[in-house]
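Below are the chains, spelled out letter by letter.
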Amino acid sequence: MINKVILVGNVGADPEVRHIDANTTVANFRMATSETYTDKQGVRQTITEWHSIVAWRGLADVVEKYVKKGGQVYIEGRIRTRSYDDANGVKRYVTEIVADTLKLLGGRPANSGDSATESSYSQPSTNNFTSQVEEIESAGSDDLPF
């Protein structure tokens, strides 16, 4: 069985980041993806879907540092649906994308001081995430093979 999602879209608001404990960070943000088509009458139509994205631990730290409202991102992850009881005891359901990989597209926001066109971060399977981020940041965008 495969549960894999790939999205490219724009961040709708600055991420909400929580530090659960010294080693666990979670970041939540919404992103929009759009599909454009021409209907039978020849009129261009655009459908926008909003997605709730969740990033954990090291990837959440990257989201906190680099992801800003309006930025374009590439997300790879998996769909997760969970339920909870609201304040009135009504069961609510939430469908979200748990991010495993994040790529910043189209440059970083102006306040980051860097104009790289793309950076990629993945949720590590071990605790060597910091060195992976340092390698990516130090590599820059000049290492393109073409």
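Residue numbers restart at each chain and count upward from 1, following the sequence in its written direction. Only residues with pLDDT of 70 or above have their local features reported here, since the model is predicted, and side-chain atom pairs are shown and tallied only from 80 upward, although totals for entire chains, interfaces and linings are computed over all residues. The side-chain quantities take in all heavy atoms of the structure and omit both hydrogens and water.

Some points on the environment of Val-90
As a reminder, the rule being used: Helix numbering and strand numbering both begin at the N terminus, where a helix is a DSSP run of H or I of at least 4 residues and a strand a DSSP run of E of at least 2. Buried means the residue's accessible area, taken with a 1.4 Å probe over protein chains only, is under 20% of the maximum for its type, while exposed means over 50%, and partly exposed covers the values in between. Residue contacts are counted whenever heavy atoms from the two residues lie within 4.5 Å of one another.
Positionally, Val-90 belongs in the loop between strand E5 (72–85) and strand E6 (91–105). For Val-90, a relative accessible area of 38% corresponds to the partly exposed category. Discounting residues that sit within four places of it in the chain, Val-90 has contacts with Tyr-84 and Asp-85.

Observations concerning the pattern of salt bridges
Any two side chains of opposite charge can pair if their charged atoms end up close together. For the record, the criterion: Salt bridges, as used here, are contacts in which a Lys or Arg side-chain nitrogen is within 4 Å of a carboxyl oxygen on Asp or Glu.
The full count for this structure, using the stated rule, is five salt bridges. One salt bridge connects Glu-76 with Lys-4, and the closest N-O pair in it is separated by 2.7 Å. Of the two residues, Glu-76 is situated in strand E5 and Lys-4 in the segment before strand E1 (5–11); the sequence distance between them amounts to 72 residues. Arg-92 is the partner of Asp-86 in a salt bridge, and the nearest nitrogen-oxygen pair spans 3.0 Å. Looking at Arg-92, the relative accessible area reads 40%, which means it is partly exposed. One network of salt bridges, in which partners are shared, links Arg-80, Arg-82 and Glu-96.

A closer look at the nonpolar core
Put simply, the rule is: Only buried residues count toward a nonpolar core. Its members are Ala, Val, Leu, Ile, Met, Phe, Trp, Tyr and Cys residues joined through side-chain atoms within 4.5 Å.
By size, the foremost hydrophobic cluster in this structure holds 20 residues, and its most contacted members are Phe-29, Ile-53, Val-73, Ile-75 and Leu-102. Of all elements in the fold, only E1, strand E3 (24–38), strand E4 (44–56), helix H1 (57–66), E5 and E6 reach the threshold of two or more residues within this core. Here this core gets five residues from one element, more than from any other, and that element is H1. Filtering out sequence-adjacent residues up to four positions away, Val-73 remains in contact with Leu-7, Val-8, Gly-9, Val-11, Phe-29, Met-31, Val-67, Leu-102, Lys-103, Leu-104 and Leu-105.

Points about the pairing of strand E2 (residues 16–21)
Sheet faces and side chains relate simply in a regular strand, where the side chains alternate between the two faces. Threshold: Strands qualify as paired when DSSP identifies two bridges or more between them.
Judged from the five bridges that link them, E2 and E3 form a sheet pairing that is antiparallel. Paired with Asp-21 across the two strands is Thr-24, which belongs to E3. The hairpin formed by E2 and E3 contains two residues between the paired strands.

Here we look at the confidence of the model for the chain
The cut-off we apply is this: A score between 0 and 100, pLDDT records how confident the predictor is in each residue.
Here the chain averages 82 in pLDDT, while 73% of its residues score no lower than 70. Note that residues 125–146 has pLDDT below 50 and, in this model, 16 contacts with residues that lie over four places away or in other chains.

Concerning unusual backbone geometry
In this structure, Arg-57 is a non-glycine residue whose phi angle is positive, near 50°. Inspection of the secondary structure assignment puts Arg-57 in helix H1. Relative accessible area serves as the criterion here: at 43%, Arg-57 is assigned to the partly exposed category.

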